[in-house]
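Structural description and commentary
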Amino acid sequence: MDGTAFTREVDALFARESRRVLATLIRLLGDFDLAEDALQEAFMAALRQWPEEGIPDNARAWLVSTGRFKAIDQLRRRARYDQILHQQAEQLTARSVVEMEVENVGIEDDRLRLIFTCCHPGLAQEAQVALTLREVCGLTTEEIARAFLKKPSTVAQRIVRAKAKIRDARIPYEVPEGDDLFERLQAVLQVIYLVFNEGYLASSGEQLLRHDLSEEAIRLAELVLALLPRPEPEAKGLLALMLLHHARRATRTTTGGELVLLEQQDRSLWDREEIARADELVRSALLTQRFGPYTLQAAIAAVHALAPSSDATDWAEIVGLYDLLLTMMPSPIVALNRAVAVAMRDGPQAGLQALEPLMEDATLRDYHLAHAARADMHRRLGQREPARSAYQAALDRATQPAEQRFLRQRLAELG
Amino acid sequence: MKYLCLVYYSEAAMQERGDDHWQSLNKECQSYSGGLSESGVMLDGSALQPVATATTVRVRDGQVSVTDGPFAETKEQLAGFYLIEANDLNDAIRVASRIPPARYGSIEVRPVRDIYGESSDQVPYAEALKS
């Protein structure tokens, strides 16, 4: 093997294994920072030794045990000044002999432990998101900061603080069991969906679509689904929901960055493979009868995705799914979406009747899309003045440049 | 590891629930804390008299100042505490979630700091206070 091929293979191996090795090192060493240092040291040792000795058969185990010995060395060096570190180093040395044999078996469990620890509800949600992207996905602090339009120092601080709480409040490195698993999984899924939405539709900033984070979230959901001890329907539902949104990514905006409504999107450009995969996931989640809001939202998105056109969409099915969703997740936004579906099924007059009482809600009065929906129903009824004032109300509340341009366009079309 | 579970609820809301509710809640607390003590999970704990009985003491420039009431007026008031021994935060959360007033107010779970240990060498708040 020549030099370049060797480097490529080692790079690929590091990229593939680094998060797994880190997850196991955190368990073995019981400390995030120590584990990260150990991972770096193990990679450096590999770059020194492998060119001569060749890549070991079980590179992952090699990296884990090298990382651990490096950490023990480091603790011993520091231990000259500190008795407690000395004890910690001795305990680790004593344990390593026994654990050497089991560490390869538990390595996938360690990845799941890492996910549940990063998404622990005892951490602030912003910290859960940052820590998951850093530790599980391997994004750098700078990458996370750029994606969330935050200063790197702010993100770094969040991560430092989260690690300190994990250590000081002793948040355990474990996958919850029984009923706890279901509850805690909701926190994990919420973090994944937040990451996805941040990538899909940034609430501010110039760039409307940020594919990287969306794809990161999809990878994360695939990973969780693959690692869970049993296939949880809501994990399937969330993955399906994200795939269905992602399948339409090419048609949501024009090349100039203008928004394109669902009814005007070029359906021939939707990713049929992703839609088929999502449809299968939704069906299997619905069959379990243990599904929740993510699965229902995915089911609604699937009806849209499978319809040949906006007019040929099964709006009755969609209204029915929203009714069910409202019983599980009684939120004004869900009620708004249901009203829009009613307008499609029974006409704009029926839609307005469903929407008007909802506008009493303070959340919806401040929500630009509620006003935009009302404007659209008036427009379809040929009621120009009410349509104009509702579009204006939507424009006053919209924060995103692309959405503002879209609403101005609509206002101009009213004449 | 030791955790202190601080029990908070609104005294006003508790008043509105009436005496029967109060009596049965107290019985529930007796039985829960009794069980925890027997199994060695609860090291200490007690209910507190209402905040109306609270007195706040400060020393400034060597002068002792004493004022009526708690240090800050809040919607929920400190009503009692459980000092427990737990393996980790998940374990402590399990214990705290079964403290009967958790259904009405909230339980703050705080790891105990060892004033003879490492944490006495360095002020630990720097990390948490930076924004």
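Scroll up for the structure.
Everything numeric here is computed off the predicted structure, so don't read it as measured data. (Residues numbered from 1 in each chain as written. Chains lettered and ligands numbered in written order. Predicted model: local features only at pLDDT ≥ 70, side-chain atom pairs only at ≥ 80, totals over all residues.)

Per the secondary structure count, chain A includes 20 helices and 0 strands. Here the C-alpha coordinates of chain A stretch approximately 80 × 45 × 40 Å along the principal axes. A total of 415 residues make up chain A; the buried ones form 38% of that total. Partitioning the intrachain contacts of chain A with sequence separation of at least 6 by distance along the chain shows that 59% fall at a separation of at least 24. (Helix = DSSP H or I, 4+ residues; strand = E, 2+ residues; numbered from the N terminus. Buried ≥ 20, exposed ≤ 12 C-beta atoms within 10 Å, placed from the backbone. Contact = placed C-beta atoms within 7 Å.)

A tally of regular secondary structure across chain B gives 3 helices and 6 strands. Along its sequence from the N terminus, chain B presents helices and strands in the succession β-α-β-β-β-β-α-β-α. C-alpha atoms of chain B, sized along the principal axes, occupy 50 × 40 × 30 Å. Sequence-distant contacts, at least 24 apart, represent 74% of the contacts inside chain B between residues at least 6 apart.

Residue and element names in this part refer to chain A. Even without glycine at this site, Arg-170 takes up a positive phi of about 55°. Tracing the sequence through the fold places Arg-170 in the loop between α8 (152-168) and α9 (179-200). In the Ramachandran plot, Gln-289 falls in the positive-phi region, its phi being about 65° despite a non-glycine side chain. Among the secondary structure elements, Gln-289 is positioned in the loop between α12 (272-287) and α13 (293-306). What makes Gln-289 exposed here is the crowd of 7 C-beta atoms within 10 Å.

This brings us to the sheet that holds strand β5 (residues 77-85) of chain B. Residue and element names in this part refer to chain B. What the 4 strands build is an open sheet, ordered β2-β5-β1-β6; its pairing is antiparallel. The open sheet has two free edges, formed respectively by β2 (42-47) and β6 (106-111), since each of these has just one partner strand. Between one strand and the next, the sheet's axes are offset by a mean angle of 20°, whatever the strand orientation. Relative to β5, strand β1 (residues 2-9) runs antiparallel, the two sharing 8 bridges. Residue pairing in the sheet places Val-7 in a bridge with Gly-80 of β5. Packing against the sheet, helix α2 (residues 89-97) makes contact with β1, β5 and β6, and its axis sits at approximately 150° to β6. (Pairing = 2+ DSSP bridges. Axes fitted to C-alpha atoms, helices over the stretch in contact; angles between N-to-C directions.)

A word on the nonpolar core. By size, the foremost hydrophobic cluster in this structure holds 126 residues, and its most contacted members are Leu-25, Ile-192, Ala-221, Leu-244 and Ala-298 of chain A. Not counting the four nearest positions on each side in its chain, Ala-221 of chain A is found in contact with Ile-192, Ala-235, Leu-238, Leu-239 and Met-242 of chain A. (Core = buried A, V, L, I, M, F, W, Y, C linked by C-beta atoms within 7 Å.)

Turning to the interface of chain A and chain B, a few remarks are in order. Contacts between the two partners involve 11 residues from chain A, matched on the other side by 9 residues from chain B. Ranked by the residues each element gives to the side of chain A that touches chain B, the list is headed by α8 of chain A, at 5 residues. Across the side of chain A that touches chain B, the residue classes tally to 6 nonpolar, 2 polar and 3 charged. (Nonpolar A, V, L, I, M, F, W, Y, C, P; charged D, E, K, R; others polar.)

Now for the pairing of strand β4 (residues 63-68) of chain B. Residues and elements named next belong to chain B. Here β4 lies mainly on the outside; 0 of its 6 residues are buried. Across 6 bridges, strand β3 (residues 55-60) lies against β4 in antiparallel orientation. Paired with Arg-60 across the strands is Gln-63, a residue of β4. Between β3 and the antiparallel strand that follows it, β4, lie 2 residues; Asp-61 among them carries a positive phi value of about 50°.

What follows is about the environment of Ala-343 of chain A. All names here are of chain A. Looking at where Ala-343 falls in the secondary structure, it is placed in helix α15 (residues 332-346). Along the backbone, Ala-343 and Lys-163 are 180 residues apart, and their C-alpha atoms lie at a distance of 49 Å. In contact with Ala-343, other than residues within four places in its own chain, are Pro-348, Ala-350, Gly-351 and Met-377.

This part is about the packing of helix α6 (residues 125-136) of chain A against α9 of chain A. All names here are of chain A. Running from N to C, α6 and α9 cross one another at 80°; their axes reach a closest spacing of 10 Å. One finds that α6 runs roughly perpendicular with respect to α9. Of the residues in α9, those in contact with Gln-128, Val-129, Thr-132 and Leu-133 of α6 are Val-191, Leu-194 and Val-195. For the contact of α6 with α9, the per-class residue count stands at 5 nonpolar, 2 polar and no charged. (Parallel < 35°, antiparallel > 145°, perpendicular 65-115°, else oblique.)

With that settled, consider the pairing of β1 of chain B. All names here are of chain B. In β1, alternate side chains face the same way, and those of Tyr-3, Cys-5, Val-7 and Tyr-9 are buried while those of Lys-2, Leu-4, Leu-6 and Tyr-8 on the opposite face are not. For β1 and β6, the ladder comprises 6 bridges, and the chain directions are antiparallel. Bridge assignment links Leu-6 to a residue of β6, and that residue is Glu-108.

To continue, consider the packing of helix α1 (residues 3-29) of chain A against helix α2 (residues 32-53) of chain A. How two helices sit against one another is set out by the angle between their axes and by the gap between those axes. Residues and elements named next belong to chain A. Contact pair α1 / α2: the axes reach a minimum separation of 9 Å and the direction vectors enclose 145°. Here α1 and α2 pass one another in a crossing that is right-handed. For the pair α1 and α2, the contacting residues are Phe-6, Val-10, Phe-14, Ser-18, Val-21, Leu-22, Leu-25, Ile-26 and Leu-29 in the first and Phe-32, Leu-34, Ala-35, Glu-36, Ala-38, Leu-39, Phe-43, Trp-50 and Pro-51 in the second. A breakdown of the residues in the contact of α1 with α2 according to their chemical character gives 16 nonpolar, 1 polar and 1 charged. (Left-handed = near helix turned anticlockwise from the far one by under 90°.)

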